[in-house]
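Coordinate analysis (summary)
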Amino acid sequence: MVETRGTLPKALWPGVKSWWGQDYKKHPEECAMVFDVETSEKAFEEDVELTGMGLATVKDEGAASAYDSMGQGPTTRYTHLTYSLGFAVTEEEFDDGQYEKVAKARTKALSFSFRTTKEVVGANTLNRGFNSSYTGGDGVSMMNASHPVVGGGVQSNVLATAADLSEASLEDVLVLIAKAKNAVGHPIALQPGRLVVPPALMFDATRIVRSTLRSGTDQNDVNALRTMGMFQNDPMTYHYLTDEDAWFVTTNAPDGLKMYQRKKRVIRRENEFDTDNLKVKGVERYSFGWTDWRGSFGSEGAA
């Protein structure tokens, strides 16, 4: 699609008081607050789980020691996709336009589209977290009660019964985090990082986490979540979450939610030789996903 003088006819004559629609404030980059950001210089990156060893055994006097070995778990591949978008205007439209603001607005709109695209792509990792059609290296969805582990059995990062966000359900998730184990069943010091909620839950989340006393009760009990310092950061409102009931708690797992930046956004500009149309195009490459399901816990809500 090429913009001609007929695309924005009002831009050809002086007299327009204001051109509006492109000056809204933008949210800060939210995906960088949820995902660990890394760089890549390859077509894809792979993360491979390295499992530990079992418990030590009693060695009888004069007997030989028992030996164990490490193992390899699931492999997660991050394939970097290329995202591109541009605009084109005729030479006549570019020459005859009377408003510098309109000309600059095109580049601003292009930049805004790239930024929003990255946020949507990143948030889809959470939006699809409970969807069995989107699986990780271990063969199940990111948010699942049956993550298979190399040592045998399964582990869970979701509530046994899906529940809406409340003080009680959040505490249940934090207990689940406190009971987390590695692939061979050893307890690990997993800590909650941030409560991530959609806009519909931002007020409830703040009351639950930051109230001095228990939220929504007439009891004089302290708010254990605040007293124990379970969250160092305020709840995060992730504006690109699409489910108004789903909520998440990120953790300090070192390889949880990840984004690989393969190529930063580049904007190029050139004129076609035959038509003299001005073309401006942007290109960026990255990938989002999750490696260790222990990086996020939560619930899809009761609804």
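Each remark here, short or long, concerns the structure printed above.
**Here's the deal with the sheet that holds strand β5 (residues 81–89)**
Sheet architecture is open: 5 strands sit in the order β1-β5-β12-β11-β2, paired in mixed fashion. Pairing within the sheet leaves two strands with one partner each, and these edge strands are β1 (2–3) and β2 (36–39). In this sheet, strand β12 (residues 278–290) lies alongside strand β11 (residues 257–271) in antiparallel orientation, the contact comprising 12 bridges. Across the sheet, the residue bridging to methionine 259 is phenylalanine 288, located in β12. Packed onto the sheet, helix α3 (residues 100–127) meets β1, β5, β11 and β12 and runs at close to 15 degrees relative to β12.

**A look at the side chain of glutamine 261**
Locating glutamine 261 in the fold gives a position in strand β11. What makes glutamine 261 buried here is its relative accessible area of 11%. A polar contact is formed between the side chain of glutamine 261 and the side chain of glutamate 284, at a distance of 3.3 Å.

**Overview of the pairing of strand β10 (residues 247–251)**
The element β10 is largely enclosed, with a buried count of 5 among its 5 residues. Alternating residues of β10 divide into Trp247, Val249 and Thr251 and Phe248 and Thr250, and every residue in both groups is buried. Taken together, the 3 bridges between strand β8 (residues 192–197) and β10 define a ladder with antiparallel strand orientation. Bridge assignment links proline 192 to a residue of β10, and that residue is threonine 251. Of the strand pairs in this sheet, β10 and strand β13 (residues 296–299) are connected by 4 bridges, and their pairing is antiparallel. Bridge pairing in β13 places threonine 250 opposite serine 296.

**Regarding the pattern of salt bridges**
With the rule as written, the count across this model stands at 11 salt bridges. For aspartate 204, the salt bridge is made with arginine 207, and the minimal N-O distance between the two is 2.9 Å. In this pair, aspartate 204 and arginine 207 are both assigned in helix α5 (residues 202–210), 3 residues apart and thus about one turn of the helix distant. Owing to a relative accessible area of 32%, aspartate 204 belongs among the partly exposed residues under this scheme. Residue classification places arginine 207 among the partly exposed residues on the basis of a relative accessible area of 44%. Lysine 279 serves as the salt-bridge partner of glutamate 272, at 2.8 Å between the closest nitrogen and oxygen.

**Quick word on the nonpolar core**
Counting residues in hydrophobic clusters, the biggest one holds 41 residues, and the most contacted among them are Leu165, Leu170, Leu195, Tyr238, Trp247 and Val249. Elements supplying a minimum of two residues to this core: α1 (31–34), α3, α4 (167–178), β8, α5, β10, β11 and β12. Contact partners of tyrosine 238, with chain neighbours within four places excluded, come to Glu30, Cys31, Val34, Phe35, Glu119, Gly122, Ala123, Leu126, Val196, Val197, Pro198 and Pro199. By size, the runner-up hydrophobic cluster in this structure holds 6 residues, among which are Val89, Phe114, Leu278 and Val280.

**Topic: the sheet that holds strand β9 (residues 236–237)**
One open sheet holds the 4 strands; their spatial order is β9-β8-β10-β13, and the pairing between them is mixed. At either end of the open sheet lies a strand with only one pairing partner, and these are β9 and β13. Strands β8, β10 and β13 of the sheet are contacted by α4, whose axis makes an angle of about 30 degrees with β10.

Criteria and cut-off values
- Residue positions are given per chain, counted from 1 along the sequence in the order it is written.
- Only residues with pLDDT of 70 or above have their local features reported here, since the model is predicted, and side-chain atom pairs are shown and tallied only from 80 upward, although totals for entire chains, interfaces and linings are computed over all residues.
- Side-chain metrics in this entry use all non-hydrogen atoms of the structure; hydrogen atoms and water are not considered.
- Following DSSP output, two strands are said to pair if at least two bridges run between them.
- Labels follow the DSSP assignment, with helices taken as runs of H or I lasting at least four residues and strands as runs of E lasting at least two, numbered in each case from the N terminus.
- We call two residues in contact when some of their heavy atoms are within 4.5 Å.
- For helices, the fitted axis covers only the stretch in contact; all axes are lines through C-alpha atoms, and the angles between them, taken along N-to-C directions, range from 0 to 180 degrees.
- Type-normalised accessible area, obtained with a 1.4 Å probe on protein chains alone, sets the label of each residue: buried when under 20%, exposed when over 50%, and partly exposed for intermediate values.
- Polar contacts, as used here, are pairs of N or O atoms within 3.5 Å; protein pairs need one atom able to donate a hydrogen and one able to accept it. Residues neighboring in sequence count only if both atoms are side-chain atoms.
- Throughout this description, the term salt bridge denotes a Lys or Arg side-chain nitrogen within 4 Å of a carboxyl oxygen of Asp or Glu.
- As used here, the term nonpolar core means buried Ala, Val, Leu, Ile, Met, Phe, Trp, Tyr and Cys residues forming a set that is joined through side-chain atoms within 4.5 Å.

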